[in-house]
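# Residue-level structural notes
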Amino acid sequence: MNTRTAPGDFHGMLEKTRQCSRYARRVLQADSNLLAWLKHHYATPCDRAEILTSLAHSGMDLSDETQLTRAVRVLRKQVMVKLILRDLNGLADLNEVMQAMTALAEICVQHAQRCLMQTLQTQFGIPVGEHSQTPQQLLVIGMGKLGGGELNVSSDIDLIFIYAEDGETRKAHAHDDIRTLSNYEFFSRLGRRLIGIINEPTADGYVFRVDMRLRPYGDSGPLVMSFAALEEYLISQGREWERYAWIKARVIAPVAAVSEAELIRLTQPFVFRRYLDFGAIDSMRKLHAQIRQEVLRRDRKNNIKLGPGGIREIEFTAQVFQLIRGGRDAGLRVCPTLSVLHQLAQDSHLPEADIAELEKAYVFLRNLEHRLQYLDDQQTQDIPEQADDRALLALGMGYADYEAMLAQLNHHRARVHQQFENIFRAQESQPGDVAIWREGIHAKDLELQLNNLDYQRGNESAELLMQLRNGNRYQQLPELSRQRVDQLIPKFIQHCAQQPDPDTTLSRMLTLLDGIVRRSAYLAFLAEYPVALQRLCKLVSASSWAGQYMTSHPALFDELLDAREIYRTPDWQRIDADTCARLADSKDDVERQMDSLRHIQQEQIFHLLAMDLQDLLPLETLSDHLSDLADLMLHHVLALCWENARKKHREVASFAIIAYGKLGGRELGYESDLDLIFIYDDEHPDAPENYARLAQRINTVLGSYTSAGRLYETDLRLRPDGASGLLVTSVAAFAQYQREQAWVWEHQALTRARFSAGNKAVGSAFETIRKELLCLAREPVTLRDEILTMRAKMRDGHPNPGELFDIKHDPGGMVDIEFIVQYLVLAHAHQYPQLTGNIGNLALLKMAGKLDLIPVELAAQVGDLYRTLRKTQHAMRLNHPPPCRVDPATIDTAACLRLWERVFAKT
């Protein structure tokens, strides 16, 4: 709450300023020129341009250290009194105050750095890198609120001094009579004198107090450090709290430093892990607990920064998400707290209503912080005890009295603290946890407790748990990881007991645990988010394949947090846009881009799997989505491979990926491989070689395993001449081969082929050829005999000596139905070209019935059978490895056998 004063009422505004700020009253009384300047400039926003202009017009020589020291102190007084007047009278918002103070600090440091560089270079020469032989600069890194662009009015500034390379100074001219220094000594001198210009009190006051304690090794460390020394420190000795401190690190001087990108490359892996780092929650919880203890010890509960519900809790809330997710989400690598909160709402990491409350509280608390500091220009966040000062705070905040302001303050602090506790509250053990899983427990005791929880094979489950407790892997875990396992096992047991088959579910969960037990971040996640653990148990209970998939890709645990997102139908346009953004984030790192594609694919498969297990997706819809996902991945893999090709003869490749088989027919399953061929339409002499390299790279990217997993297994044998043929084929050569050399089974494969990714014109050319080939008139008997011969070969390749029915390969199964459809297309498309449509087996059966090629009723029965067979196969693969075989009494294949006899009977 704040009341606005009419911009023209300067005297009224000045009176309120003097009343609410003893500092402003004092400096204005001491300097009549400052009052005149304020009257002339108060109505315009205080920004970087004005600050630069004021310094330039100071009348002092800014290249002289002594005069610059005075100029920046006079400048600070101007900025301070103007901001105080504008803020107290509603002319400036919080953003203007923070941005102006940040600009003031940056401008003063930049001028000091520039002045001192010139002075020291005259004395000692130019610092030059030992290896690069290029001039070196001192990089001044702003940390904390300065780095975040949210400096308060009486804040100190946290700085770190870094330079790129060791080396020594070099004379600018051969005849210069100067003493050279090492780069370390040169920049140490510069750093000490820069601190003096900004920090040392003079008759004109000071600019900012400078705090250098965030540098490596703190007060005991060197004042300046090279990139190499900084990197070694962060890798070998960097502590968890330093990751928190470096989140807001930003080079503030010199302007547009050429080494800034190198510094970001060096520090970013330390701050932002490439994985989702849920261990950050516990680390920041402990750091906050230390702060809380200090607040209590010093009885500072009325401190609006460090006390409960204070500014620090809002900052911690924002920054813990940055530490957890910043390695994967570039949008969270921003510095200002309000920008981070906005991104958290945009990404649905926290509810929008909660974010709105935090933002309101942050603005209120920061405005109150400024009014506390306006009183005497002191760096304080403590509510004063004196009633007069409290009344001045209320007046400055626009409240009728202190009690009204305090009520609003208490409301904000209560809401902030509640949200902070919701995120950081440690999960407490339940009374029964220790009894279920404790040191020295015997298998019989464990079995008894499992039986009491309705486990049906308590002895087997108890044995598995004892094997875990007594195994080397558990015993050799770091202490923190073992504590987390001890915390998780009772939760596993309890959640699994709520599933239809507790013993099987527990076995699968223990297998998953064994796969992640050495990865502390995932143990931390499961310990911090019990709702996610419960959802994981349900998922694993429903499908052994789901358990294996989550074990292989534990980064997907994060997807369990938001039930609304888990079951959201894919929006492929939005997913494509998100994919583009994530790829752009790592545009200079191709391998990381490829891993991003793997992560995106896994995330979408997880969402489809979750919906599938809840019966929210018909199988045909699921296959469509899986096919759309594969098309999207192929599109981006092709684009990245061509963009990063070492040799290419054109900007846009005239190249296409053609899908056959399950992907071509849009019947893709979770583990289906991709049947692909590569074609191009390009007369350039380098085209064959360049596109061959492109195809090889695409195939390698798709099929290679990395720490992020694999995209797809591929099968390229359907290309002309099979495995012995060229990897890529021109459109003309493909057409000639198909017309003159292809076998009938290759034309069968064409019935399910389609353009998947790449150049659409090339894809259209392929589709024209495909339709032309499928519409060729064929001699029916010869066609029938060749298809029957191929079917016999396939049966021979998949013998079934048992009594169970193989739903894919046995007579009356899926392959028989697919062969029937393919025969109908090849035999009749010359008469009915609509049969060439890539519309799927079910739709083609229905169309064949309508065209009187087969009985309508029989077509419907076989279509129902095909749907049943696919559903059965899909359900079995979720819990059993192939082959999929069932009791023949459970599947009625009579319709398929009748249709087979009708279509292929020899007359």
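Structure report, in brief. (Residues numbered from 1 in each chain as written. Predicted model: local features only at pLDDT ≥ 70, side-chain atom pairs only at ≥ 80, totals over all residues. Heavy atoms only, no water.)

## Looking at the overall build of the protein chain
Within the protein chain, the secondary structure is distributed over 40 helices and 14 strands. Viewed in the frame of its principal axes, the protein chain has a C-alpha envelope of about 115 × 75 × 55 Å. The buried share of the protein chain, taken over its 907 residues, is 55%. Once local pairs closer than 6 in sequence are excluded, the contacts in the protein chain between residues at least 24 apart make up 74%. Here the protein chain has roughly 39800 Å² of accessible surface; of this, 50% comes from carbon and sulfur atoms. Distance between charge centroids for the protein chain: 2 Å, based on 104 positive and 120 negative side chains. (Helix = DSSP H or I, 4+ residues; strand = E, 2+ residues; numbered from the N terminus. Buried < 20%, exposed > 50% of the residue type's maximum accessible area, 1.4 Å probe, protein only. Contact = heavy atoms within 4.5 Å. Areas by Shrake-Rupley, 256 points an atom, 1.4 Å probe, with all protein chains shown as cover. Lys, Arg positive; Asp, Glu negative; His and termini not counted. Charge placed at Lys NZ, Arg CZ, Asp CG, Glu CD.)

## A few points about the packing of helix H5 (residues 65-88) against helix H15 (residues 352-376)
Between H5 and H15, whose axes approach to 11 Å, the crossing angle comes to 130°. Taken together, H5 and H15 sit at an angle that is classed as oblique. Where H5 crosses over H15, the two elements pack in a sense that is left-handed. In this structure, H5 uses Leu-83, Ile-84, Asp-87 and Leu-88 to contact H15, whose residues at the interface are Asn-367, His-370, Arg-371 and Tyr-374. Taken together, the residues of the contact of H5 with H15 sort by class into four nonpolar, two polar and two charged. (Axes fitted to C-alpha atoms, helices over the stretch in contact; angles between N-to-C directions. Parallel < 35°, antiparallel > 145°, perpendicular 65-115°, else oblique. Left-handed = near helix turned anticlockwise from the far one by under 90°. Nonpolar A, V, L, I, M, F, W, Y, C, P; charged D, E, K, R; others polar.)

## Structural notes on the packing of helix H36 (residues 780-797) against helix H37 (residues 814-828)
It is the contact of H36 with H37, at a shortest axis distance of 11 Å, that shows an interaxial angle of 160°. Regarding the angle of H36 to H37, the classification is roughly antiparallel. For the pair H36 and H37, the crossing hand works out as right-handed. From H36, Pro-780, Leu-783, Arg-784, Ile-787, Met-790, Arg-791, Met-794 and Arg-795 reach across to H37, where they touch Val-815, Asp-816, Phe-819, Tyr-823, Leu-826 and Ala-827. Residue composition of the contact of H36 with H37, by class: ten nonpolar, no polar and four charged.

## Focus on empty space enclosed by the protein
Scanning the model with the defined rule gives five cavities of 30 Å³ or more in all. Put simply, the largest cavity is a space of about 80 Å³. Around the largest cavity, the lining is made up of 13 residues, and of these Thr-751, Arg-752, Gly-840, Asn-841 and Leu-844 lie nearest the centre. When contributions to the lining of the largest cavity are tallied by element, the ones reaching two or more residues are H37 and helix H38 (841-850). For the lining of the largest cavity, the element with the highest residue contribution is H37, accounting for three residues. For the lining of the largest cavity, the class distribution of residues is three nonpolar, seven polar and three charged. (1 Å grid on protein atoms, 1.4 Å probe; cavity = no way out; pocket = protein on both sides within 12 Å on 5 of 7 lines; lining within 4 Å. Points joined across faces, edges and corners; volume = space filled by probe spheres on them.)

## Re the nonpolar core
Among the nonpolar cores identified, the biggest contains 162 residues, and Phe-655 and Ile-698 are the most heavily contacted of them. Sort the elements by how many residues they give to this core and helix H30 (residues 619-643) lands first, with 13 residues. The residues contacting Ile-698, other than those within four sequence positions of it, are Val-637, Leu-638, Cys-641, Phe-655, Ile-657 and Phe-678. (Core = buried A, V, L, I, M, F, W, Y, C linked by side-chain atoms within 4.5 Å.)

## Details of the environment of Ile-817
By the element assignment, Ile-817 lies in helix H37. Note on Ile-817: relative accessible area 0%, which makes it buried. Spatially, the C-alpha atoms of Ile-817 and Ile-197 are 85 Å apart, while their sequence positions differ by 620 residues. The contacts of Ile-817, once residues within four sequence positions are left out, are Leu-845, Val-862, Leu-865, Tyr-866, Leu-869 and Cys-896.

## Quick word on the packing of aromatic side chains
For any pair of aromatic rings, geometry is given as the distance between the ring centres together with the angle between the planes. Counted under the stated rule, the structure contains 19 aromatic pairs. With 5.5 Å between their ring centres and 35° between their planes, Trp-642 and Tyr-691 make a pair best called tilted. Here Trp-642 is found in helix H30, whereas its partner Tyr-691 is found in helix H32 (residues 687-703), with 49 residues between them in sequence. The two residues Trp-642 and Tyr-691 agree in class, both being buried. Judged by centre distance (5.6 Å) and plane angle (50°), the ring pair of Phe-734 and Phe-766 falls under tilted. With a gap of 32 residues between them, Phe-734 in helix H33 (residues 731-740) and Phe-766 in helix H35 (residues 760-774) connect regions that are remote in the sequence. (Phe/Tyr/Trp six-rings, centres within 6.5 Å; stacked < 30°, edge-to-face > 60°.)

## Notes on the environment of Pro-883
Inspection of the secondary structure assignment puts Pro-883 in the loop between helix H39 (856-877) and strand E14 (885-886). Along the backbone, Pro-883 and His-809 are 74 residues apart, and their C-alpha atoms lie at a distance of 9.4 Å.

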